[in-house]
Amino acid sequence: MTVEQAATVCTVADQAIYNWIDLAARTRRPIAEKRARVWIIDTARLLAYVERHRGGLPARVKAENRLKEFWPIWSRPQKLRRM
């Protein structure tokens with residue numbers, strides 16, 4: 001999942017996700033990996049982080065429900081744009 005998608009799921013700003021990535025890495029429990037200047041966020045680790053540090057089980061359930069709502073939209077094949 002991207003930073004933007006994670007922010008949508010967790011109902012926070014993109015910057016909050018970047019902060020969480022940094023904090024999780026400092027505690028040696030990374031939630032994301034940077035590839036070619038793009039952060040790829042592990043969904044399971046993000047949800048575990050939300051439960052552990054950002055509101056407990058209710059916050060995790062809320063994020064999971066938003067993920068279920070948005071994932072069908074995000075997983076659709078993307079149309080190629082002509083230049």
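Residues numbered from 1 in each chain as written. Predicted model: local features only at pLDDT ≥ 70, side-chain atom pairs only at ≥ 80, totals over all residues. Heavy atoms only, no water.

Undergrad: Help me out: how do you make sense of the pattern of salt bridges in this one?
TA: A pair can form between side chains of opposite charge whenever their charged atoms are brought close. As enumerated under the stated definition, the model contains 4 salt bridges in all. The salt bridge partner of Arg60 is Glu51, with a shortest N-O separation of 3.1 Å. Classification of Arg60 as buried rests on a relative accessible area of 19%. The partly exposed category is assigned to Glu51, whose relative accessible area is 32%. Among the ionic pairs, Arg60 bridges to Glu64, the shortest N-O distance being 3.0 Å. Taken together, the residues span about one helical turn, with Arg60 and Glu64 both in helix H4 (residues 56-74) at a distance of 4 residues. Through salt bridges with shared partners, a single ionic network connects Glu51, Arg60 and Glu64. (Salt bridge = Lys/Arg side-chain N within 4 Å of Asp/Glu carboxyl O. Buried < 20%, exposed > 50% of the residue type's maximum accessible area, 1.4 Å probe, protein only. Helix = DSSP H or I, 4+ residues; strand = E, 2+ residues; numbered from the N terminus.)

Undergrad: In this structure, what is going on with unusual backbone geometry? I would like to understand it.
TA: Excluding glycine, a negative phi dihedral is what most residues carry, and trans is how most peptide bonds are arranged. Unlike most non-glycine residues, Thr11 shows phi in positive territory, near 50°. Along the chain, Thr11 turns up in the loop between helix H1 (3-10) and helix H2 (14-26). For Arg37, which is not a glycine, the phi torsion comes out positive at approximately 70°. By the secondary structure assignment, Arg37 is in the loop between strand S1 (32-35) and strand S2 (38-41). For Arg37, a relative accessible area of 80% translates into the label exposed.

Undergrad: Explanation requested: the packing of H1 against H2 in the structure shown.
TA: Helix packing for two helices is described by the angle between their axes and how far apart those axes are. Viewed as axis vectors pointing N to C, H1 and H2 meet at an angle of 105°, and their least axial separation amounts to 8 Å. Overall, the two elements H1 and H2 adopt an arrangement that is roughly perpendicular. On H2, the residues touching Val3, Glu4, Ala6, Ala7 and Cys10 of H1 are Asp14, Ile17, Tyr18, Trp20 and Ile21. Taken together, the residues that form the contact of H1 with H2 break down as 8 nonpolar, no polar and 2 charged. (Axes fitted to C-alpha atoms, helices over the stretch in contact; angles between N-to-C directions. Parallel < 35°, antiparallel > 145°, perpendicular 65-115°, else oblique. Contact = heavy atoms within 4.5 Å. Nonpolar A, V, L, I, M, F, W, Y, C, P; charged D, E, K, R; others polar.)

Undergrad: Just to check I follow, could you spell out the nonpolar core for this structure?
TA: For soluble globular proteins, the rule of thumb is that nonpolar side chains tend to be buried together. Among the nonpolar cores identified, the biggest contains 21 residues, and Met1, Ile17, Trp20, Ile21, Ile31, Ile41 and Leu46 are the most heavily contacted of them. Put simply, the parts of the chain that give this core at least two residues each are H1, H2, helix H3 (43-53) and H4. Once residues lying within four places of it in the same chain are set aside, the contact partners of Trp20 are Cys10, Val12, Ile31, Leu46, Tyr49, Val50 and Arg54. (Core = buried A, V, L, I, M, F, W, Y, C linked by side-chain atoms within 4.5 Å.)

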